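Each chain, written out:
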Amino acid sequence: MRDGRRWVTTAAVVAVIAGAALISKGEAQTPPGAPPFRFGIAAVVARPRITVEWQAAVGGLRQSANVGESLAANLDRAQVDATAVPILLPRDPKLTAGARLYSFGDYYTITANTAGGRVSLSGTTATVPLPAAKPLKVETGPEGLTVQRTVDGQLASFVRFGVLYTVEIRCDAPGDPRCHDDNYVLGLVGKTTAVVMGKAARQAAGLGG
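Residues numbered from 1 in each chain as written. Predicted model: local features only at pLDDT ≥ 70, side-chain atom pairs only at ≥ 80, totals over all residues. Heavy atoms only, no water.

(A) Region of the structure containing the pattern of salt bridges. This model, assessed by the stated rule, comprises seven salt bridges. A salt bridge links Lys191 to Asp92; its shortest N-O distance comes to 3.4 Å. Here the residue Lys191 occupies a position in the loop between helix 7 (183-190) and strand 10 (192-196), and Asp92 occupies one in the loop between strand 2 (87-90) and helix 6 (93-96), the gap between them amounting to 99 residues. According to the relative accessible area criterion, Lys191 is partly exposed, its value standing at 33%. Measuring nitrogen to oxygen at the nearest pair gives 3.3 Å for the salt bridge that ties Arg170 to Asp152. Here Arg170, found in strand 9 (residues 163-171), pairs with Asp152, found in the loop between strand 7 (146-149) and strand 8 (153-160); they are 18 residues apart in sequence, far enough to count as distant. Overlapping salt bridges bring together Glu69, Arg77 and Asp81 as one network. (Salt bridge = Lys/Arg side-chain N within 4 Å of Asp/Glu carboxyl O. Helix = DSSP H or I, 4+ residues; strand = E, 2+ residues; numbered from the N terminus. Buried < 20%, exposed > 50% of the residue type's maximum accessible area, 1.4 Å probe, protein only.)

(B) Quick look at the packing of aromatic side chains. Considering all chains together, one arrives at two aromatic pairs under this definition. Here Arg178 stacks its cationic end above the ring of Tyr184, 5.7 Å away from the centre of that ring. (Phe/Tyr/Trp six-rings, centres within 6.5 Å; stacked < 30°, edge-to-face > 60°. Lys NZ or Arg CZ within 6 Å of the ring centre and 35° of its normal.)

(C) Examining the environment of Thr192 more closely. By secondary structure assignment, the location of Thr192 is in strand 10. Thr192 gets classed as buried once you look at its relative accessible area, which sits at 2%. Along the chain, Thr192 and Leu121 lie 71 residues apart, while their C-alpha atoms are 9.3 Å from each other. Contact partners of Thr192, with chain neighbours within four places excluded, come to Leu88, Leu89, Pro90, Leu121, Arg160 and Val167. (Contact = heavy atoms within 4.5 Å.)

(D) Up close: helix 7. Looking only at helix 7, the buried set comprises Val185, Leu188 and Val189. Down the axis of helix 7, the smallest arc covering the buried residues is 100°, so these residues share one side. Among the exposed residues of helix 7, those oriented more than 90 degrees off its buried face are Asn183 and Gly190. (Arc of directions from axis to C-beta.)

(E) Quick peek at unusual backbone geometry. One non-glycine residue, Ala65, lies in the positive phi region at around 55°. Structurally, Ala65 is set in the loop between helix 3 (54-64) and helix 4 (67-71). Given the relative accessible area of 52%, Ala65 is considered exposed. In this structure, Phe161 is a non-glycine residue whose phi angle is positive, near 60°. With respect to the helices, strands and loops of the structure, Phe161 is situated in the loop between strand 8 and strand 9. Since its relative accessible area comes to 11%, Phe161 is described here as buried.

Structure representation (structure tokens):
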């Protein structure tokens, strides 16, 4: 609950955004080379925003020390600097070594290949207000953590620093155990704790460029 309004910041947000994107995809301007996003950029841009808790984010940045920058070494620096929200990376050098970051200001997504599948991570300040007459009942854990099964994998969402983050695993093989239960995706969430801030985020946090 924020400012007396009902906000949904769980995996259900992704389903709503994706559905809206199918309607408005003709209006979306996707940068050259961007991947076919599962989350609709056009719909995200039109959604209300919540405020990033910058003090907490800076604390996370300091706790990450130099780990975050080391993990982000292979990411496009211009994309990092353009991202106006704290970027979360998993503490897994093998996973981040070939990762790609696509920034849209206060929304970003990271894609990475893993053996037999793909991992994607995103962060956004977009929210979806629900009418009080249609409450969404979802069992959540700390930070609003929610996990749901997708067509070809598992998707987890949680709120940290006032930002909605998602972690998703998609598998090539239908029988891949990583996509049949939530053990793998929850393990990935557990180690997605390294905070990275580029120029836009640092300026917003009051740290300078």
